[in-house]
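Inside the fold
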Amino acid sequence: MPETIRTLIVDDEPLAREGVRLHLAGEPDIEVVGECGDGEAAVEAIRDLAPDLLFLDIQLPGLDGFEVLDRVPERVPAVVFVTAYDRHAVAAFERHALDYLLKPYDAPRFARALARVRDELARRDREAVGREVLEVLRELRGRPGYLQRVAVRTAGRYVFLRLDEIDWIEAAENYVRLHAGGRGHLLRETMAGLEGRLDPERFLRVHRSAIVRVDAIQALERLSNNEFAVVLADGTRLVSSRGYRERIEDLLRRSR
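Residues numbered from 1 in each chain as written. Predicted model: local features only at pLDDT ≥ 70, side-chain atom pairs only at ≥ 80, totals over all residues. Heavy atoms only, no water.

Some words on the nonpolar core
One broad rule of soluble globular proteins: the nonpolar side chains tend to lie buried together. The condition is simple: Only buried residues count toward a nonpolar core. Its members are Ala, Val, Leu, Ile, Met, Phe, Trp, Tyr and Cys residues joined through side-chain atoms within 4.5 Å. Partly exposed residues are those whose accessible area sits between 20% and 50% of the maximum for their type, while under 20% is buried and over 50% is exposed, using a 1.4 Å probe and protein chains only. Starting at the N terminus, helices and strands are each numbered in turn, a helix being any DSSP run of H or I of at least four residues and a strand any DSSP run of E of at least two. Residue contacts are defined here by distance: any two heavy atoms, one from each residue, within 4.5 Å place the two residues in contact.
One finds Val-10, Leu-54, Leu-56 and Phe-81 to be the most contacted residues of the largest nonpolar core, which totals 21 residues. Elements supplying a minimum of two residues to this core: strand 1 (5–10), helix 2 (39–49), strand 3 (53–57), helix 3 (65–71) and strand 4 (78–83). Element by element, the count of residues in this core is highest for helix 2, at four residues. When near neighbours in sequence (up to four residues on either side) are disregarded, Leu-54 contacts Leu-8, Val-10, Ile-46, Leu-69, Pro-77, Ala-78, Val-79 and Val-80.

This is how it looks when you write it as structure tokens:
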């Protein structure tokens, strides 16, 4: 184990980064060498700073946590993954004895994660720890199935939404807004990233900024400019863009 564990904190929420810093304060063998709020900055920092330990949020703007590590296979440090909801990832971390923090976490849980990191770095060299991290990434890349629910933060806690509760999804800069039962919930995810984790039989992208649940569609109206008006059961009316016309027409063919 290195005499001083050089540590990088990566999370797009400033309060979350501050929380990690506070938990690390007073640890004599920890040196926080940097912080990042997005995936691209994390890749650059890992290359420049070569940390021994990474506290890495999975859901990040731009590149997610897994994509960050994909970019730096030669420099992967020990990692404590931070996640709000990904059950597939959590199961993989446990199988490979990698640690994770499931938000929200408390001081004893954080201390156990740090103790495991110290133990791993003492027993194995950094390259061996890095290989284990890359192995779990390979497993996660090939994981089966689609999302069944997502966790959203509401009033200081995480609430789980089932996919069949969501009517439609809207792009909101580095977030997406999940519209469910007349309420909107922000999720730290990109449209492309979330679309890839949704069952295409259940969700349909109709615009670069909108994904709808197929069962929530009440009517489709063909417009004069090769676009469609998508009318949902709750009265929401969305206009598709031309680039997604073929997907909507395919849905019509399958539904007849």
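Having seen it, we continue.
Digging into the packing of helix 1 (residues 14–24) against helix 5 (residues 107–123)
In plain terms, the rule: For every element, the axis is a line fit to its C-alpha atoms; helices are fit only across the contacting stretch, and the angle between N-to-C directions ranges from 0 to 180 degrees. Roughly parallel here means an angle under 35 degrees, roughly antiparallel means over 145, roughly perpendicular means 65 to 115, and every remaining angle is called oblique. Put simply, Ala, Val, Leu, Ile, Met, Phe, Trp, Tyr, Cys and Pro go in the nonpolar bin, Asp, Glu, Lys and Arg in the charged bin, and everything else, Gly too, in the polar bin.
Close contact between helix 1 and helix 5 brings their axes to 11 Å; oriented N to C, the two are set at 70 degrees. In terms of axis orientation, helix 1 runs roughly perpendicular to helix 5. Taken together, the residues of helix 5 that come into contact with helix 1 (itself represented by Val-20, His-23 and Leu-24) are Ala-107, Phe-110 and Leu-114. A breakdown of the residues in the contact of helix 1 with helix 5 according to their chemical character gives five nonpolar, one polar and no charged.

A few points about empty space enclosed by the protein
Here is the rule: With a 1 Å grid spanning the protein atoms alone, the term cavity applies to any set of points in which a 1.4 Å probe fits but cannot get out, the term pocket to an open set with protein on both sides within 12 Å along at least five of seven lines, and the term lining residue to any residue with an atom within 4 Å of a point. Grid points are joined across faces, edges and corners, and a volume is the space filled by probe spheres set on the points.
Evaluation of the coordinates by the stated rule reveals two cavities of 30 Å³ or more. Quantified by volume, the second largest cavity comes out at close to 50 Å³. Taken together, Ile-9, Val-10, Asp-11, Ala-16, Val-20, Phe-55, Leu-56, Asp-57, Val-82, Lys-103 and Tyr-105 make up the lining of the second largest cavity. Among the secondary structure elements, those contributing two or more residues to the lining of the second largest cavity are strand 1, helix 1 and strand 3. Top element by residues in the lining of the second largest cavity is strand 3. It accounts for three residues. Here the lining of the second largest cavity is built from residues that sort into eight nonpolar, no polar and three charged.

Considering the layout of surface pockets
Empty space among the atoms can be located by rolling a probe the size of a water molecule over them. A volume near 270 Å³ is recorded for the second largest pocket. Among the elements that make up the lining of the second largest pocket, the one with the highest residue count is helix 1 (four residues). A per-class count over the lining of the second largest pocket returns five nonpolar, three polar and four charged.

Things to note about the environment of Glu-74
Following the sequence through the fold, Glu-74 ends up in the loop between helix 3 and strand 4. Residue classification places Glu-74 among the exposed residues on the basis of a relative accessible area of 56%. For the pair formed by Glu-74 and Arg-47, sequence separation is 27 residues and the distance between their alpha carbons is 9.2 Å.

Considering helix 1
Note on helix geometry: an α-helix contains 3.6 residues per turn, so any two residues three or four positions apart are oriented the same way. Note the following rule: Throughout, the arc means that of the directions going from the helix axis to the C-beta atoms.
Taken residue by residue, helix 1 has Ala-16, Arg-17, Val-20 and Leu-24 as its buried positions. Here the buried residues of helix 1 occupy an arc of 100 degrees about the axis, which is enough to place them on one side. In helix 1, the exposed residues that point more than 90 degrees away from the buried face are Pro-14, Leu-15 and Leu-22. Where helix 1 is buried, its residues contact strand 1, strand 2 (30–36), strand 3 and helix 5. In the stretch just after helix 1, Gly-26 is the one whose phi turns positive, near 85 degrees.

A short note on the pairing of strand 13 (residues 217–222)
Consecutive side chains along a regular strand alternate between the two faces of the sheet. What counts here: Each pair of strands is called paired provided DSSP finds at least two bridges between the two strands.
Bridging between strand 13 and strand 14 (residues 228–232) involves five bridges; their strand directions are antiparallel. Bridge assignment links Leu-220 to a residue of strand 14, and that residue is Val-230. Linking two consecutive strands that pair antiparallel, namely strand 13 and strand 14, is a turn of five residues; a positive phi of about 65 degrees is found at Asn-226 within it.

Here's the deal with the pattern of salt bridges
Under the convention used in this document: Here, a salt bridge means any Lys or Arg side-chain nitrogen found within 4 Å of an Asp or Glu carboxyl oxygen.
Within the structure shown, the criterion is met by 18 salt bridges. Between Arg-118 and Asp-29 there is a salt bridge, and its shortest N-O distance comes to 2.7 Å. Taken as a pair, Arg-118 in helix 5 and Asp-29 in the loop between helix 1 and strand 2 lie far apart in primary sequence, 89 residues in all. Asp-29 gets classed as buried once you look at its relative accessible area, which sits at 14%. The network of salt bridges with common partners includes Asp-11, Asp-12, Glu-13, Asp-57 and Arg-188.

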